[in-house]
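Topology and contacts: notes
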Amino acid sequence: MRTILWATLSANGNYARNAGPEHPPRQEALSDFLDQVKAAGNFIVGRRTFESFQAGGENPFGDIDIVVLTKSVKGIPGVKVVASPQEALAHLQAKGHTTALLAGGADLHNTFLQQGLVDEMICPITPVLEGKGYNILLNQDHYQYKDIQLLDFKSLGGGVVRLHYAIGHE
Ligand SMILES: NC(=O)c1ccc[n+]([C@@H]2O[C@H](COP(=O)([O-])OP(=O)(O)OC[C@H]3O[C@@H](n4cnc5c(N)ncnc54)[C@H](OP(=O)(O)O)[C@@H]3O)[C@@H](O)[C@H]2O)c1
């Protein structure tokens, strides 16, 4: 199973919060996210980000396979609830998917990264500055990646540039 971590980053290299009136998502980045979701046919999302999607009211995802990672919630109508990254990937594999899209948030992304479960990263860089808050972090005691290769870069308009990396595993 190929895993793609998708995350919007700020111009100063932090995680873009993408929520609320003070940190609204950029339309260009949102469109890119929907394109990646369509291409993968699924996404894996942390419980907190999923709740923010639900709070938005609309469901722009159609019949995409959505997997919510949580230890605190047992079942959510219309989506698959799992308690570990491995369970999420096994579920999508059993459904015939060959790519899994890791939609965030930071906690979910870092969980997959730190377990060596990320093959590619797609990062729209948005023209905003973010302060302290969320980051994409590796546990340096367990550094298990090498050979980061830039596969592609593209302007998405509105000052947003998308970087696409392959991540080699040790
Ligand atoms: N920049 C971007 O591209 C982007 C993308 C998505 C979201 N966001 C932003 O990120 C923020 C939310 O991120 P967040 O880090 O607070 O939350 P999150 O990653 O969306 O969700 C965290 C929750 O996921 C569950 N989880 C994480 N790792 C787990 C594991 N190994 N096993 C079982 N469950 C696990 C836990 O749920 P339980 O507590 O229920 O156990 C945890 O509390 C929001 O501001 C959102 O707008 C940004």
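As annotated in an unreviewed UniProt entry, the protein chain carries the name Bacterial bifunctional deaminase-reductase C-terminal domain-containing protein and is attributed to Dictyobacter aurantiacus.

In the region of the ligand, 26 residues are neighbours, and Ala16, Arg17, Thr49, Thr70 and Ser72 sit closest. One of the backbone N or O atoms of Gly105 is found 3.0 Å from an oxygen atom in the ligand. Here an oxygen atom of the ligand sits 3.0 Å away from a polar atom, N or O, in the main chain of Leu108. For the ligand, the protein covers 88% of the area, taking 940 Å² as the surface of the free molecule. For the shell around the ligand, the secondary-structure elements that each account for two or more residues are α2 (47–55), β6 (99–104) and α4 (106–114). Looking at which element gives the most residues to the shell around the ligand, the answer is α4, with four residues. Considered class by class, the residues forming the shell around the ligand number twelve nonpolar, nine polar and five charged.

Attention shifts here to the packing of aromatic side chains. Between two aromatic rings, the relevant description is the distance of the centres plus the angle of the planes. Applying the stated rule across the entire model yields eight aromatic pairs. Between Tyr15 and Tyr134, the ring centres sit 6.2 Å apart and the planes meet at 55°, which makes this aromatic pair tilted. With Tyr15 in the loop between β2 (9–10) and α1 (27–40) and Tyr134 in the loop between β7 (120–126) and β8 (145–157), this pair connects stretches of sequence that are 119 residues apart. Judged by relative accessible area, which is 44%, Tyr134 ranks as partly exposed. Relative to Phe53, the ring of Phe33 has its centre 6.4 Å away and its plane inclined at 45°; by these criteria the two rings are tilted. You can see Phe33 sitting in helix α1 and its partner Phe53 sitting in helix α2, a full 20 residues away along the chain. Linked through ring pairs, Trp6, Phe33, Phe43, Phe53 and Phe61 together constitute an aromatic cluster.

Attention now moves to the pairing of strand β1 (residues 2–6). Within β1, four of the five residues are buried, which leaves the element mostly enclosed by the surrounding structure. With four bridges connecting them, β1 and β6 associate as parallel partners. Looking at β6, one finds that Thr3 is bridged to Ala100. Bridging between β1 and β7 involves three bridges; their strand directions are parallel. Counterpart to Ile4 in the pairing with β7 is Glu120.

Analysis parameters
- Every chain begins its residue count from 1, and numbering advances along the sequence as written.
- Given that the model is predicted, a residue must reach a pLDDT of at least 70 before its local features are reported, and side-chain atom pairs must reach 80 or more before they are shown or counted; all residues, however, enter totals for whole chains, interfaces and linings.
- To obtain the side-chain values, all non-hydrogen atoms of the structure were included, while hydrogens and water were left out.
- Here a residue is considered near a molecule or strand provided that any single heavy atom belonging to it is located within 4 Å of it.
- The term polar contact refers here to a pair of N or O atoms within 3.5 Å; inside protein, the definition further demands a hydrogen-donor-capable atom paired with an acceptor-capable atom, and it admits residues adjacent in sequence only when both atoms are side-chain atoms.
- Method for areas: the Shrake-Rupley scheme with a 1.4 Å probe, in which residue coverage is limited to the protein chains shown.
- Secondary structure counts use DSSP, requiring at least four H or I residues in a row for a helix and at least two E residues in a row for a strand, with both numbered from the N terminus.
- Just so you know the grouping, Ala, Val, Leu, Ile, Met, Phe, Trp, Tyr, Cys and Pro go in nonpolar, Asp, Glu, Lys and Arg go in charged, and all remaining residues, Gly too, go in polar.
- Stacked, tilted and edge-to-face are the three classes applied to pairs of Phe, Tyr and Trp rings, where Trp contributes its six-membered ring and a pair requires centres within 6.5 Å; stacked means planes under 30 degrees apart, edge-to-face means over 60, and tilted covers the rest.
- Type-normalised accessible area, obtained with a 1.4 Å probe on protein chains alone, sets the label of each residue: buried when under 20%, exposed when over 50%, and partly exposed for intermediate values.
- A strand pair is defined by DSSP finding two or more bridges across the two strands.

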